[in-house]
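Residues per chain, in single letters:
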Amino acid sequence: ALEGMSQDEVIDNLKQIHRSANWKAPTHLRLTMFFMMFFMTLPEDLQMVMFEELFTVCPLLSNVVFGWLPDYMEGGPESQRGENLEEIILFVAVAVILCFLYMALSFVSHSMNATTRGFSRAVRRAERYVF
């Protein structure tokens, strides 16, 4: 990338070159990679047991989350295509809850990155002051 560039162009692009050479993943991505790495280092049998337990618990959690639905939503007259109005309402409710969950996790990841960025600036200022 530096071939064919004059010294002045290299000096002008020094900040970009340094950023691309010393790239560091955002905090939420590093945390996610840490948990993935930790899970992958577990023995294969333990990984299978954890997945099995996860998919055993998911239906129980969905019953807890959607236990607030009235009894008349459990079944009803079906249309010609086989679905009923209650299933459509439940699908929309699940979609809305997943959207809110995505927004909450997105907010957490952005706040983690902002906190890390502010902390690293404070450390750099302290390093300049001390050293």
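In this text the structure is predicted, and so the values were computed from the model without any measurement.

Chemist: Sorry, what's going on with the confidence of the model for the protein here?
Modeler: Predicted coordinates in areas of low pLDDT are best not read in detail. Summarising the model, the protein shows a mean pLDDT of 81, and 81% of its residues fall at 70 or more. Mean pLDDT across the elements of the protein ranges from a minimum in helix α2 (residues 14-21), with 80, to a maximum in helix α3 (residues 27-41), with 89.

Chemist: Help me out: how do you make sense of a nonpolar patch on the surface in this one?
Modeler: Taken together, Ile88, Phe91, Val92, Val96, Phe100, Tyr102 and Met103 make up a surface patch of nonpolar side chains, about 770 Å² in accessible area. Summarising the element assignment, tyrosine 102 is placed in helix α5 (residues 85-130).

Chemist: Before we go on, may I ask you to explain the packing of aromatic side chains in this structure?
Modeler: To describe a pair of aromatic rings, one takes the distance between the centres and the angle between the planes. Scanning the entire structure with this criterion turns up three aromatic pairs. For the pair phenylalanine 34 and phenylalanine 35, a centre-to-centre distance of 5.3 Å together with 65° between the ring planes defines the contact as edge-to-face. Relative to phenylalanine 51, the ring of phenylalanine 39 has its centre 5.6 Å away and its plane inclined at 75°; by these criteria the two rings are edge-to-face. With phenylalanine 39 in helix α3 and phenylalanine 51 in helix α4 (residues 44-65), this pair connects stretches of sequence that are twelve residues apart. An aromatic cluster is defined as three or more aromatic residues linked by ring pairs; in this entry it consists of Phe39, Phe51 and Phe55.

Cut-offs used in this document
Residues numbered from 1 in each chain as written. Predicted model: local features only at pLDDT ≥ 70, side-chain atom pairs only at ≥ 80, totals over all residues. Heavy atoms only, no water. pLDDT = per-residue confidence, 0-100. Helix = DSSP H or I, 4+ residues; strand = E, 2+ residues; numbered from the N terminus. Patch = residues over 30% accessible without salt bridge, like charges linked within 9 Å, V, L, I, M, F, W, Y side chains within 5 Å. Areas by Shrake-Rupley, 256 points an atom, 1.4 Å probe, with all protein chains shown as cover. Salt bridge = Lys/Arg side-chain N within 4 Å of Asp/Glu carboxyl O. Phe/Tyr/Trp six-rings, centres within 6.5 Å; stacked < 30°, edge-to-face > 60°.

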